[in-house]
Structures are given as structure tokens and as C-alpha cells.
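Overview (structure and organization)
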Amino acid sequence: MGVLPHYKFYQDNDPKHNAHICRLWALYHCPQVIKTAAQSPDLNSPIENIWDHLNNRIRKFKIYSKNELREKLMSEWDKMEGNVCANLLKSLHKRLNEIIKCKGGPAHY
């Protein structure tokens, strides 16, 4: 998959991510795995928006293999402007405070 040692793998602890094969893959390929509450839209929003941004960027290519998909994802990730991530993360502090206020439950947006 091209996961470099300094990358951090973020997963939302969804049950399908806890399958034995997924846990083994992460153990051997991802030095740092960040887990959050399963299906937490309040915490997952920034990463979901980044994936959506990447998806929109790679749709302009005709991709015929997993290798091509990996190459395009890595290429487009490298080209992504820093302000895309910065803008998405600006709301995270507010989200975290709201989640703390709601004692881990859904935030009231």
C-alpha cells in the first residue's frame, strides 16, 4: 500500500476494521495506528472530508489496477495543498470540546 514509517494510520474502530486480517495487516504495515470511537461522525468528519477531496481528484483518471490507484492516491496526496487539511482541522478543537461536554455522546450541532 505504500505506507511509510512516519505515516499514522487513522481508523474509526468500525467492526469491519477489527477483522483478524485487518488487525494483522495493520500490525505489520502501520507503526502507528490511531483509533477513535466507531462510527463517530463528530471525530471522523475531517478524515472523511479529506478522503472525499482525494476521491474527487482521482476521478479524473482512468484507473485500471490497484497499483495505478495506489500511485494516483499517493501522487494526489502529495499535491494536496496544506490549507485543505488545515481548514478541516480548524473545527476539530471545537468538536473535541463538544464531545467532552456530551461525555462522549453525539455532539449537538
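These notes cover the structure that comes with them. (Residues numbered from 1 in each chain as written. Predicted model: local features only at pLDDT ≥ 70, side-chain atom pairs only at ≥ 80, totals over all residues. Heavy atoms only, no water.)

A word on the environment of Glu-48
The line we're drawing: Runs of E in the DSSP output that reach at least two residues are strands. Runs of H or I that reach at least four are helices, and both are numbered from the N terminus. Partly exposed describes any residue whose relative accessible area lies between the buried limit of under 20% and the exposed limit of over 50%, with all areas from a 1.4 Å probe on protein chains only and scaled to the type maximum.
Relative to the assigned elements, Glu-48 resides in helix 2 (residues 41–58). According to the relative accessible area criterion, Glu-48 is partly exposed, its value standing at 45%. A sequence separation of 40 residues divides Glu-48 from Leu-88, and the C-alpha atoms of the two residues are 10.0 Å apart.

Regarding the environment of Met-80
Here is the rule we go by: The criterion used for residue contact is that any of the two residues' heavy atoms lie within 4.5 Å.
Inspection of the secondary structure puts Met-80 in the loop between helix 3 (66–79) and helix 4 (82–89). On a C-alpha basis, the gap between Met-80 and Arg-57 in space is 9.4 Å, while along the polypeptide they are 23 residues apart. Ignoring any residue separated from it by four or fewer positions in sequence, one finds Met-80 in contact with Ile-50, His-53, Leu-54, Arg-57 and Cys-85.

Structural notes on the packing of aromatic side chains
Our working definition: We call Phe, Tyr and Trp rings a pair once their centres come within 6.5 Å, taking the six-membered ring for Trp, and we label the pair stacked below 30 degrees between planes, edge-to-face above 60, and tilted otherwise. For a ring to carry a charge above it, either NZ of a lysine or CZ of an arginine must fall within 6 Å of the ring centroid while also lying within 35 degrees of the normal to the ring plane.
Within this structure, the stated rule accounts for zero aromatic pairs. Directly above the ring of Phe-61 sits Lys-72, whose terminal nitrogen or CZ lies 4.2 Å from the centroid.

A closer look at helix 5 (residues 92–101)
So the rule is basically this: Of all possible arcs, the one meant is that of the directions from the helix axis to the C-beta atoms.
By the burial criterion, the buried members of helix 5 are Arg-95, Glu-98 and Ile-99. Relative to the axis of helix 5, the buried residues are bounded by an arc of 100° and lie together on one face. Those residues of helix 5 that are exposed and aimed more than 90 degrees away from the buried face are His-93, Lys-94, Ile-100 and Lys-101. At the C-terminal side of helix 5, Lys-103 shows a positive phi close to 55°.

Points about the nonpolar core
Defined as follows: For our purposes a nonpolar core is just a set of buried Ala, Val, Leu, Ile, Met, Phe, Trp, Tyr and Cys residues, chained together by side-chain atoms within 4.5 Å.
Among the nonpolar cores identified, the biggest contains five residues, and these are Ile-50, Leu-54, Met-80, Val-84 and Leu-88. Broken down by secondary-structure element, the contributors of at least two residues to this core are helix 2 and helix 4. When sequence neighbours within four positions are dropped, the list of residues in contact with Leu-88 reads Pro-46, Asn-49 and Ile-50.

As for the side chain of Arg-57
Heads up, the rule is: What qualifies as a polar contact is a pair of N or O atoms within 3.5 Å, subject to a donor-acceptor requirement within protein and to the restriction that residues adjacent in sequence count only when both atoms come from side chains.
The topology assignment puts Arg-57 in helix 2. Within the structure, Arg-57 has its side chain in polar contact with the side chain of Glu-76 (distance 2.8 Å). Excluding residues within four positions of it along the chain, Arg-57 makes contact with Glu-76, Lys-79, Met-80 and Glu-81.

Some points on a nonpolar patch on the surface
Our working definition: Patch membership is restricted to residues that have no salt bridge and whose relative accessible area is over 30%. Joining uses 9 Å for like charges and 5 Å for the nonpolar side chains Val, Leu, Ile, Met, Phe, Trp and Tyr. Using a 1.4 Å probe, the Shrake-Rupley method yields the accessible areas, and only the shown protein chains count as cover for residues. The salt bridge criterion pairs a side-chain nitrogen of Lys or Arg with a carboxyl oxygen of Asp or Glu, the two atoms within 4 Å.
On the surface, Leu-24, Leu-27 and Tyr-28 cluster together to form a nonpolar patch covering roughly 360 Å² of accessible area. Mapped onto the elements, Leu-27 comes out in helix 1 (residues 20–29).

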